[in-house]
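# Breakdown of the fold
Letter by letter, the chains look like this.
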Amino acid sequence: MTLSKTEKKILEDSIRDIQDFPKPGIVFKDITTLLNNKEAYGVLMNHLYQRYKEYNLEYIAGIDARGFIFGAALAQMLGIGFVPIRKKGKLPYTTISEKYALEYGVDEIEVHIDAFGKQIGARVLVIDDLIATGGTANAAATLVNQTGAACIECCFIIGLTFLDGIKKLQEKTDVYSVIEVN
């Protein structure tokens, strides 16, 4: 399913650009204005439901923290489980973790070792609000696969195509961006 021109405009118009945040030269894509716009959020969630209802997914894994907003709602709509992929030290049970490079340094995310049950090959969609350089998303897809589940696709509300994150992630799994920013 593809967005109609009207739906795409509703979504694009609902995302606010913040100049020079978090540092000079960066244009931050603020999705809080999409979330508080019931029409835009409805268009988005309906689009995601229509896209993924035939994927035979068993879980949605949302990346900390904005991926939780879209992932949990979509999992409920699809009648499947939701799994949080958290920043290091935020999960209470036994975890596996994956480090990834930042512009200056390294960060780490983790998931419960039994997050996808004992089913080998469970079909999982990873979701987050935005992909830029792709470090977090690559780490998330790796974690899903390390548990014995299968990352079927990574989905982003916004994909920054002028950076190489999508291209790098496509070496590991399919990638879908609802809105692409060139």
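First things first, this report covers the structure right here in the doc. Please read all numbers here as calculations on a predicted model, not as lab measurements.

### A few points about the environment of Leu-143
Looking at the secondary structure, you find Leu-143 in helix H5 (residues 135–146). On the basis of relative accessibility, which here comes to 0%, the residue Leu-143 falls in the buried class. Each C-alpha atom, one on Leu-143 and one on Glu-7, is 33 Å from the other, the two residues being 136 residues apart in sequence. Setting aside chain neighbours within four positions, we find Leu-143 in contact with Ile-85, Ile-96, Ser-97, Glu-98, Ile-109, Glu-110 and Val-111.

### Some words on the layout of surface pockets
Here the largest pocket defines a volume of roughly 1,300 Å³. Along its surface, the largest pocket is lined by 40 residues, and Phe-28, Arg-66, Leu-130, Ala-132 and Thr-133 are the ones closest to its centre. Elements with a contribution of two residues or more to the lining of the largest pocket: strand S2 (27–30), helix H2 (32–35), helix H4 (66–78), strand S5 (95–102), strand S6 (105–112), strand S7 (123–131), H5 and strand S8 (150–160). Here the residues of the lining of the largest pocket sort into 24 nonpolar, 6 polar and 10 charged. If you add up the space inside the second largest pocket, you get close to 150 Å³. As for the second largest pocket, its lining consists of Met-1, Thr-2, Leu-3, Lys-8, Arg-51, Tyr-176, Ser-177, Val-178, Ile-179 and Glu-180.

Cut-offs applied
Residues numbered from 1 in each chain as written. Predicted model: local features only at pLDDT ≥ 70, side-chain atom pairs only at ≥ 80, totals over all residues. Heavy atoms only, no water. Helix = DSSP H or I, 4+ residues; strand = E, 2+ residues; numbered from the N terminus. Buried < 20%, exposed > 50% of the residue type's maximum accessible area, 1.4 Å probe, protein only. Contact = heavy atoms within 4.5 Å. 1 Å grid on protein atoms, 1.4 Å probe; cavity = no way out; pocket = protein on both sides within 12 Å on 5 of 7 lines; lining within 4 Å. Points joined across faces, edges and corners; volume = space filled by probe spheres on them. Nonpolar A, V, L, I, M, F, W, Y, C, P; charged D, E, K, R; others polar.

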